[in-house]
Amino acid sequence: MATRSPDLSPRNPDWWRQAVVYQVYPRSFADADGDGVGDLRGVTGRLDHLATLGVDALWLSPFYPSELADGGYDIADHRDVDPRLGTLEDFGALVAEAHRLGLKVVVDIVPNHTSHLHPWFQEALRSGPGSAARDRYVFRPGTGEHGELPPTDWQSVFGGSAWRRTADGDWYLHLFAPEQPDLNWANDEVRADFRTTLRFWSDRGVDGFRVDVAHGLAKDLAEPLRNTGDIGATGEESLPRVAPGGHPYWDRDEVHAIYRDWRTVLDGYSPPRTAVAEAWVPGARRVRYARPDELGQAFNFEYLEAAWDAGDLRELITVSLSGARDAGASATWVLSNHDVVRHASRLLLPPGTDAEAWLLSGGRTPALDTAAGLRRARAATLLMLALPGSAYLYQGEELGLPEVADLPAEALRDPVWEQTGRTRKGRDGCRVPLPWTATGPSYGFGPGPAWLPQPPSFASYAVETQTGADGSTLELYRTALRLRRKLLEGETLTWSAGSGADVLDFTRTPGWRCVTNLGEVPVPLPPGEVLLASGPCDGSGVLPPDTTVWLA
Ligand code: NOJ
């Protein structure tokens, strides 16, 4: 494969190939106006943290008008800012400041559904069955003698039926919360409107898009709609049980025409706007979203879901690199985001542990050793940052934050909690607002208390506490990102003979070697100058368990 320049200058159309992108969940990042909820001015005021950290871009999770039925992924207007988070002027100021600091800006685009408060859905409710307004969504009559049963057995990702009945008896589809009706992508008006949205943000200087539920837009709407009874559960986990492209609503082949259309819009800008697919789809099918004439990149969730096992990871890394190369994309790596248990906790859960059950126990069963979790997370991060391709970081992981697993029931905001009859706690534990200082009502997040309670332990994780502190996780990330910039070249790696049952050992050019010990006992440390280590590596010639070292 051709060697790619790590040139991240604004005009380089390939800036994204090996970029480190930092995800900001705006409501939990920094609160400038003191209402307890993070906002755009809060983000702008803290952009220096990202520049000092050394990332290349920030990805802003939704900041659009929303009643927060799903943490902002229920959008009432795709081309505006939620008044609680700021204004379009605030957004412009954020982009200008990010660009001044040399940071690219990626925003979320949520094309699978709108909020039920979106004017289109309100019009659809008013307009009645068979109307053009209803055709922008997926409305159907019910089944059963009086239409009292849902049209199909399709299930919501958040639990329960994916259909909700309206006052006039028609049902509408919502693959997520009932407040998130699915759009009908066979409708030309829907397609045209999202082209307008892509242009709207691109014209405001946005450098790229993260595409929410990229694998869900195309549905099999052939009549009669078919039940999925033969498939069993109907979440993404059912995909391997159907022939490729054969699921009624996940990962259908027709979805790719939408992204080829989007690519023509994105390529109309200079440099072309980038896009990354959120597609919870098995690897070989997932890379199709990343083809150069489509989105360009797709999140590698198999990496996030992989066990802490050298053999499994080596295989996965190899397959991910060749899959991305064959698709003409660069590989992506991610360990944490706003939807999953933070990796400082997750990687320590014994294989096979049900994370939902663990959260429901308040993080008590099994009880995790926070220090051991952090040690492993730091090793995993240093391994990830040495891999060819681009890495996505989630706010707070640079502080080594663990999952806040013991949030009280009354604090929970994720719709998953109620929609599953309080049997799944949901994703609030990774969305607790960031600690910036060791003191203050919300540890520097804002002038008052934060919308989700922060545990007292957050003081020790604060940016202020870790800045300049020898061996802190924040300083580890800063050093790693600075070194990575210097060492990046090409998009390949070579496995070294030292790789084994418990060790991952590879070289990147020029002479940059990364070795991780995933086992339970120390292993010999290969020769070379230690550039950086995720944990104590004191020159005694051994690499301790759960440690990664970069060697020259
Ligand atoms: C994926 C987002 O990451 C998640 O937070 C959201 O709940 C669903 N898509 C629905 O938009």
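Right, let's walk through the structure included here.

Criteria and cut-off values
Residues numbered from 1 in each chain as written. Predicted model: local features only at pLDDT ≥ 70, side-chain atom pairs only at ≥ 80, totals over all residues. Heavy atoms only, no water. Helix = DSSP H or I, 4+ residues; strand = E, 2+ residues; numbered from the N terminus. Rg over C-alpha atoms; globule rule 2.2 N^0.38 Å. Contact = heavy atoms within 4.5 Å. Areas by Shrake-Rupley, 256 points an atom, 1.4 Å probe, with all protein chains shown as cover. 1 Å grid on protein atoms, 1.4 Å probe; cavity = no way out; pocket = protein on both sides within 12 Å on 5 of 7 lines; lining within 4 Å. Points joined across faces, edges and corners; volume = space filled by probe spheres on them. Nonpolar A, V, L, I, M, F, W, Y, C, P; charged D, E, K, R; others polar. Pairing = 2+ DSSP bridges. Expected span 1.5 Å × (residues − 1). Polar contact = N/O pair within 3.5 Å; in protein donor to acceptor, adjacent residues only side chain to side chain. Axes fitted to C-alpha atoms, helices over the stretch in contact; angles between N-to-C directions. Left-handed = near helix turned anticlockwise from the far one by under 90°. Buried < 20%, exposed > 50% of the residue type's maximum accessible area, 1.4 Å probe, protein only. Lys, Arg positive; Asp, Glu negative; His and termini not counted. Salt bridge = Lys/Arg side-chain N within 4 Å of Asp/Glu carboxyl O. Near = heavy atom within 4 Å. Core = buried A, V, L, I, M, F, W, Y, C linked by side-chain atoms within 4.5 Å. Parallel < 35°, antiparallel > 145°, perpendicular 65-115°, else oblique.

### Looking at the overall build of the protein
Tallying secondary structure elements over the protein gives 17 helices and 18 strands in all. Rg of the C-alpha trace for the protein: 23 Å, near the compact-globule value of 24 Å for 552 residues, within the 12% margin. For the protein, the C-alpha atoms occupy an extent of roughly 75 × 50 × 50 Å along the three principal directions. Excluding contacts between residues fewer than 6 apart, the proportion of contacts in the protein whose partners are at least 24 apart in sequence is 65%. Accessible surface for the protein amounts to roughly 20,100 Å². Of this, 53% is attributable to carbon and sulfur atoms.

### What about empty space enclosed by the protein?
Think of a ball as big as a water molecule: rolled over the atoms, this probe shows where empty space is left. Under the definition given, this model contains eight cavities of 30 Å³ or more. What the largest cavity holds in volume is close to 100 Å³. Lining the largest cavity we find Arg286, Val287, Ala290, Gln297, Ala298, Asn300, Ser320, Ala324, Ala329, Ser330, Ala331 and Thr332. Elements represented by at least two residues in the lining of the largest cavity include exactly strand E9 (296–298) and helix H10 (310–327). Split by residue class, the lining of the largest cavity holds six nonpolar, five polar and one charged.

### Here we look at the sheet that holds strand E6 (residues 171–173)
Taking strand neighbours across the sheet as the criterion, the three strands line up as E4-E6-E5 in an open arrangement whose pairing is antiparallel. Because the sheet does not close on itself, it has two edges, and the strands there are strand E4 (139–140) and strand E5 (163–165). By the bridge criterion, three bridges tie E5 to E6 in an arrangement that is antiparallel. Paired with Trp163 across the bridge in E6 is Leu173.

### Side note on H10
Between its first and last C-alpha atoms H10 spans 26 Å; for 18 residues at 1.5 Å apiece the expected length is 26 Å, and the two agree. Its buried side turned inward, H10 meets helix H9 (301–305), strand E10 (332–334), helix H13 (370–386), strand E12 (494–495) and strand E13 (503–508). In this structure Asp309 caps H10, since a side-chain oxygen of it lies 3.1 Å from the backbone nitrogen of Gly311. Remark: Gly328 follows H10 within two positions and exhibits a positive phi of approximately 85°.

### Remarks on the packing of helix H6 (residues 188–203) against helix H7 (residues 255–266)
In the contact formed by H6 and H7, the axes pass within 10 Å of each other and the chain directions differ by 35°. In this structure, H6 meets H7 at a crossing whose hand is right-handed. Contacts from Arg191, Phe194, Arg195, Leu198 and Arg199 of H6 reach H7 at Ile258, Asp261, Trp262, Val265 and Leu266. Here the residues of the contact of H6 with H7 are counted per class, giving six nonpolar, no polar and four charged.

### Points about the pairing of strand E14 (residues 512–517)
Regular strands place side chains that alternate from one sheet face to the opposite one. When you tally the buried positions in E14, you get five out of six residues, the bulk of the element. Note: E13 against E14, six bridges, orientation antiparallel. The partner of Arg508 across the bridge, within E14, is Trp512. The hairpin turn running from E13 into E14, its antiparallel successor, is three residues long, and Gly511 in that turn takes a positive phi close to 65°. When E14 meets strand E18 (residues 547–551), the two strands line up antiparallel, connected through five bridges.

### Observations regarding the side chain of Arg342
Along the chain, Arg342 turns up in the loop between E10 and helix H11 (343–346). This buried residue, Arg342, is left without a salt bridge; Glu403 holds the nearest opposite charge, at 5.3 Å. Non-local contacts of Arg342, meaning those with residues more than four positions away in its chain, are made with Ser336, Tyr394, Gln395, Gly396, Glu397, Leu401, Pro402, Glu403, Cys430 and Leu434.

### Some details on the site of the ligand
The full set close to the ligand counts 14 residues, and Asp70, Arg210, Asp212, His338 and Asp339 are the nearest of them. Here an oxygen atom of the ligand and a side-chain polar atom of Asp212 are 2.7 Å apart. For the ligand, whose unbound accessible area comes to 290 Å², protein coverage reaches 97%. Looking at the shell around the ligand, its residues break down into four nonpolar, three polar and seven charged.

### Comments concerning unusual backbone geometry
Here the amide bond leading from Glu223 into Pro224 is cis, since omega sits at -5°, within 30 degrees of zero. Checked against the element boundaries, Pro224 lands in the loop between strand E7 (208–211) and H7. With omega at -5°, the peptide bond leading from Ser270 into Pro271 counts as cis. Relative to the assigned elements, Pro271 resides in the loop between H7 and strand E8 (274–277). Here the phi dihedral of Leu68 falls at roughly 65°; this positive angle occurs in a residue that is not glycine. With respect to the secondary-structure elements, Leu68 resides in the loop between strand E2 (57–60) and helix H3 (88–100).

### Let's talk about the nonpolar core
Leu58, Phe63, Phe91, Tyr259, Trp262, Tyr303 and Trp550 are the most contacted members of the largest nonpolar core, which has 152 residues in total. Not counting the four nearest positions on each side in its chain, Phe63 is found in contact with Pro26, Leu40, Asp80, Val81, Asp82, Leu85, Phe91, Val107 and Trp201. Grouped together as the second largest cluster of nonpolar side chains are nine residues, Val503, Val523, Leu525 and Cys537 included.

### Let's talk about the pairing of E18
Across the five residues of E18, five count as buried, placing the element largely inside the fold. Where burial is concerned, the two faces of E18 agree: the one with Thr547, Val549 and Leu551 and the one with Thr548 and Trp550 are both buried. Relative to E18, strand E16 (residues 530–533) runs antiparallel, the two being bridged by three bridges. Looking at E18, one finds that Leu532 is bridged to Trp550.

### Focus on the packing of H13 against helix H17 (residues 473–487)
Contact pair H13 / H17: the axes reach a minimum separation of 11 Å and the direction vectors enclose 10°. The angle between H13 and H17 falls in the class roughly parallel. In contact with Leu374, Arg378, Thr381, Leu382 and Leu385 of H13, H17 contributes Thr473, Leu476, Tyr477, Ala480, Leu481 and Arg484. Residues belonging to the contact of H13 with H17 are distributed by class as follows: seven nonpolar, two polar and two charged.

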